Amino acid sequence: MAESSSTDGEVVQDTASNVLQAGLKGGAFSFVISTSSVFVVKEICDAVVGVAKELGGANENAVEITKELVKLAALYTGYKLLKPVIDEAVKKGFGGERKDQKVEDIKPGSLHVLLRCFTDKRFLEVLADYESGGITERLQEEFSQIDGIEVEGLKVEIENMEEVEKTKAAINKRESKPITERTEFQKERLAIEKSVLERCWPGQVTWIDPAGESKVEVSLITNNGNRYCLRLYLEPDFPYSAPDMVVCSSPSPMPSWGVDGDKHTLGNRDGFLKICHCRPSSWTSSSTLYDVVMKGRLWLEAYEGYLMTGKDLSTFLVVMKLRE
């Protein structure tokens, strides 16, 4: 009877935990981790093939094949001794063991990772971490620590981005609060920002709803003589949070790029391409709109370099020092 009571208690506890997690909402991410190549050193190949031969699962041709460059999916499915090591690296790359999330599944074919977040807060943290490149950096670091393999060109993408955007919108709606009047400090700060922008780009700055959901648009002409317009979205708590920046006007339609670290883009907002100018964690109340616009201007020059040469934007953004 005592054993039964203990089991019943665990069931009740698990049920209560599940109910609590359901109340905290959250959502799921379906990530794809890919690489341009993975090099497996000879010692690992020989060890794996040796074990396979002992089990009767390899032939002489397999020795030569396993010494070549392989894809991450092939490594995950073909090198069973490395599979648990890769599993652990992936889990650490996504934040390790946590009560507010769970890596539910890792599948081959590149690597498909299902990450479920149990709270809205954690969901938004993971999304921001992905958009800033933090997840990619940690995964690269974790894979680099696995003895015997070298990973090149690692990329992380969200497969279910449409679902993620809907979840994000639902979270924002749940958390949305009526816009409150800005403090005197915020009003003074906006006045200073307005003065600086209009002095640097006279006649090219437009303010939209400065007393409410403020936006500021700056018209810029690139070195090639093309005119673009950047729009900055100022949240009610500005300057304590970073503004979003989009290209709201251009000589020809902008590409439909999603979140891409090489291109420094973060999907879109209101149908416009959103540019990465600063990691959210790096933004401080002393950061300025002038800095944001200047980074936007540099991005536009890099974009035109891409249009002319086909080279990736990162090639032209060496001078653009994004805050780490």
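Residues numbered from 1 in each chain as written. Predicted model: local features only at pLDDT ≥ 70, side-chain atom pairs only at ≥ 80, totals over all residues. Heavy atoms only, no water.

Section: the overall build of the chain
Defined as follows: For the purposes of this entry, the term helix denotes a DSSP run of H or I that reaches at least four residues, the term strand denotes a run of E that reaches at least two, and both are numbered from the N terminus. Buried means the residue's accessible area, taken with a 1.4 Å probe over protein chains only, is under 20% of the maximum for its type, while exposed means over 50%, and partly exposed covers the values in between. Here, two residues are considered to be in contact whenever any of their heavy atoms come within 4.5 Å of each other. The Shrake-Rupley method, run with a 1.4 Å probe sphere, supplies the accessible areas, and residue values consider only the shown protein chains as cover.
Looking only at helices and strands, the chain has 11 helices and 13 strands in total. Evaluated residue by residue, the chain yields a buried proportion of 41% over its 324 residues. Excluding contacts between residues fewer than 6 apart, the proportion of contacts in the chain whose partners are at least 24 apart in sequence is 63%. Accessible surface computed for the chain: about 17,900 Å², of which carbon and sulfur atoms make up 53%.

Looking at the sheet that holds strand β9 (residues 227-233)
Strand pairs in the sheet, formed through backbone hydrogen bonds, run parallel or antiparallel to each other. Short version of the rule: Pairing between two strands is assigned when DSSP locates at least 2 bridges connecting them. An axis is simply a line fitted to the C-alpha atoms; with a helix, the fit covers only the stretch in contact. Between two such axes, the angle follows the N-to-C directions and lies from 0 to 180 degrees.
Within the open sheet, the seven strands sit side by side as β7-β8-β9-β10-β13-β12-β11. Their pairing is antiparallel. At either end of the open sheet lies a strand with only one pairing partner, and these are β7 (205-208) and β11 (259-260). Note: strand β10 (residues 244-249) against strand β13 (residues 272-275), three bridges, orientation antiparallel. Counterpart to M245 in the pairing with β13 is I275. Set on the sheet, helix α10 (residues 289-309) makes contact with β7, β8 (215-221), β9, β10, β12 (265-269) and β13; between it and β9 the angle comes to about 140°.

Let's talk about the pattern of salt bridges
Heads up, the rule is: Put simply, a salt bridge is a Lys or Arg side-chain nitrogen that is within 4 Å of an Asp or Glu carboxyl oxygen.
Tallying each qualifying case throughout the model produces 17 salt bridges. The closest approach of N and O atoms between K187 and E184, which form a salt bridge, is 3.8 Å. Residue K187 and its partner E184 are both found in helix α9 (residues 184-200); the two are separated by three residues, about one turn of the helix. Note that R297 is salt-bridged to E301, the shortest N-O span being 3.0 Å. Pair noted here: R297 and E301 are both in helix α10, with a separation of four residues, about one helical turn. Given a relative accessible area of 22%, R297 falls into the partly exposed group.

Notes on the packing of helix α6 (residues 120-131) against helix α7 (residues 134-144)
Operational definition: Should an angle lie under 35 degrees it is considered roughly parallel, over 145 roughly antiparallel, and from 65 to 115 roughly perpendicular; all remaining angles are considered oblique.
The contact between α6 and α7 brings their axes to 5 Å, and the two run at 75°. With respect to α7, the axis of α6 lies roughly perpendicular. When α6 is examined against α7, the residues V126, D129 and Y130 are found in contact with a partner set consisting of G134, I135 and R138.

Quick notes on unusual backbone geometry
Here the amide bond leading from F238 into P239 is cis, since omega sits at 15°, within 30 degrees of zero. Tracing the backbone shows P239 in the loop between β9 and β10. At H264, a position not held by glycine, the phi torsion is positive, near 60°. Its place among the elements puts H264 in the loop between β11 and β12. Its identity is not glycine, yet D270 carries a phi of approximately 55°, on the positive side.

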